[in-house]
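# Summary of the model geometry
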Amino acid sequence: MSLNCGIVGLPNVGKSTLFNALTAAKAAVANYPFCTIDPNVGIVQVPDARLAALSALYRPKKTTPTTVEFVDIAGLVKGASQGEGLGNKFLSHIREVDAIVHVVRCFEDPDVVHVAGRVDPQRDVEIIDTELILADLDTVERRRQTAEKRLKTDKKAKPEVDLLVRLGEHLGRGLPARSLTVSDEDAVILRDLRLLTAKPVLYAANVSESDLQAEGSGAGPSVAPLRAIAEREGAQLVVISGKVEEEIAALPEADRPEFLAGLGLTQSGLDRLAHAAYSLLGLVTFFTSGEDECRAWTVVSGTKAPQAAGKIHSDIEKGFIRAEVVAFEDLIALKSMAAVKDKGLLRLEGKEYVVRDGDVIYFRFNV
């Protein structure tokens, strides 16, 4: 599976610049709102040193990393929930993604106009949050009216009505749906609603090159307002410079480490954002390794062995017998599967085994 993240934000905050740098795509970039109308989609690899180490050990014909899909969604504006700026169309694009990367402008540039007149990260976040909440309120209200009509003849609709009332009150206080505590039964109803504010959020602070270096030393003030918001919500925050990322993307691979070192960085924004997005939904990675291919696979935390096998091929899940599992650290330390077996570190796991992050697995099956 590939994590699908929608990149959202106000116009002219650097979303498309960031998208271009992340995906090497060529989304239109212009100094006016609504330059991006249809969502651009790009798939980027998630760098993983563990996969590189396995590849160095096995020297396979092919190495395949896991990926993150980024969708560049046109800029939202105040009033989007009422259709301003083609808002309804853009909101529908957000509804289709698994998670939201909220790009917030934290840089000053007189040559790039701000749709609200001046840079103010807190205000910008509030504008986007308000529009998403208003759209969700409309969804919840329409669903509540339908459920209440059904309740007149079907008492089983009461739990849904009760949840919708709670949701409406929660959203009405300006709080996102993801912050509402619900039971397992209510969670099923909540997922069916596909609310915008129920999606997990990752904040990306788009800063200037000088502020990127200051943030690297922990002394940058430009991101402070956004950092406070992220901490209050328990959300992740990645500080990135769209312009710097474009420069990195244009460099040959071999020259990038020196360029990053000159900025006082060890990782590009692409690496940091891809890792943060990948972990946003509680995903884990397991590996399959051999002379033909070393590959990283993505599953949701809590996935059992047969279902993990199904990510490779449905026949493997259907005919699952057992999983031969070794921890990545043990395999790398001992340098061969034979040595792992000699040490008694190869585990035979059955259908109830829950796959762990970093497992190297060989699935035995019969069809």
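Notes on the structure follow. Along each chain, the written sequence defines residue order, and numbers are assigned to residues from 1. Totals for whole chains, interfaces and linings use every residue, but because this is a predicted model, local features are given only for residues with pLDDT of at least 70 and side-chain atom pairs only at 80 or more, for both listing and counting. Values reported for side chains reflect all heavy atoms of the structure, with hydrogen atoms and water molecules removed beforehand.

## As for unusual backbone geometry
Here is the rule: Here a helix means four or more residues in a row that DSSP labels H or I, a strand means two or more in a row labelled E, and each is numbered from the N terminus. Partly exposed describes any residue whose relative accessible area lies between the buried limit of under 20% and the exposed limit of over 50%, with all areas from a 1.4 Å probe on protein chains only and scaled to the type maximum.
Phi is positive for Asn12, close to 65°, though the residue is something other than glycine. Summarising the element assignment, Asn12 is placed in the loop between β1 (3-8) and α1 (15-23). By relative accessible area, which is 13% here, Asn12 ends up buried. The phi angle at Arg59 is positive, at roughly 50°, despite the residue not being glycine. Along the chain, the position of Arg59 falls in the loop between α2 (49-58) and β3 (62-64). For Arg59, a relative accessible area of 71% corresponds to the exposed category.

## What about the side chain of Asp359?
Note the threshold: Here a polar contact is recorded for every N or O atom pair within 3.5 Å, except that within protein the pair must consist of a potential hydrogen donor and a potential acceptor, and residues adjacent in sequence are included only if both atoms are side-chain atoms. Contacts: residue pairs with any heavy atoms within 4.5 Å of one another.
Note that Asp359 resides in strand β12 (residues 359-365). At 2.7 Å, the side chain of Asp359 and the side chain of Tyr353 are in polar contact. Only 2.9 Å separates the side chain of Asp359 from the backbone nitrogen of Arg356, close enough to count as a polar contact. Setting aside its immediate chain neighbours within four residues, Asp359 contacts Thr285, Phe286, Phe287, Val325, Val326, Arg347 and Tyr353.

## Quick look at the pattern of salt bridges
Note the threshold: What makes a salt bridge here is a side-chain nitrogen of Lys or Arg within 4 Å of a carboxyl oxygen of Asp or Glu, nothing more.
Per the counting criterion, the structure on display carries 20 salt bridges. In this structure, Asp359 engages Arg347 in a salt bridge whose closest nitrogen and oxygen atoms are separated by 4.0 Å. With Asp359 in strand β12 and Arg347 in strand β11 (residues 347-349), this residue pair connects regions lying 12 residues apart in the sequence. What makes Asp359 buried here is its relative accessible area of 3%. Here the residues in one salt-bridge network are Arg143, Arg150, Glu160 and Asp192, joined through shared partners.

## Describing the environment of Leu175
Considering the arrangement of structural elements, one finds Leu175 in the loop between α5 (158-172) and α6 (184-193). Among the residues examined, Leu175 registers a relative accessible area of 33% and is labelled partly exposed. The spacing of Leu175 and Thr130 is 45 residues in sequence and 9.1 Å in space, taken between C-alpha atoms. In this structure, Leu175 is in contact with Ile133 and His170, ignoring residues within four places of it in sequence.

## Some words on the nonpolar core
To keep things clear, this is the line we draw: Throughout this description, the term nonpolar core refers to a set of buried Ala, Val, Leu, Ile, Met, Phe, Trp, Tyr and Cys residues connected via side-chain atoms within 4.5 Å.
Grouped together as the largest cluster of nonpolar side chains are 56 residues, with contacts concentrated most on Val68, Phe70, Val101, Tyr203 and Leu273. Setting aside its immediate chain neighbours within four residues, Leu273 contacts Leu18, Leu22, Phe70, Val101, Leu202, Ala204 and Val238. Grouped together as the second largest cluster of nonpolar side chains are 15 residues, Val284, Trp297, Ala309 and Ile361 included.

## Some points on the sheet that holds strand β2 (residues 40-45)
What counts, and what does not: By the convention used here, strands pair only if DSSP detects at least 2 bridges between them. For every element, the axis is a line fit to its C-alpha atoms; helices are fit only across the contacting stretch, and the angle between N-to-C directions ranges from 0 to 180 degrees.
The strand order β2-β4-β1-β5-β6-β7 describes an open sheet built from six strands, whose pairing is mixed. In the strand order of this sheet, the two ends are held by β2 and β7 (236-240), each with one partner. Each strand axis lies, on average, 25° off the axis of its neighbour in the sheet, ignoring direction. Here six bridges tie strand β5 (residues 99-105) to strand β6 (residues 201-206), and the two strands are oriented parallel to one another.

Remember that the coordinates give geometry; whether it matters functionally is a separate question.
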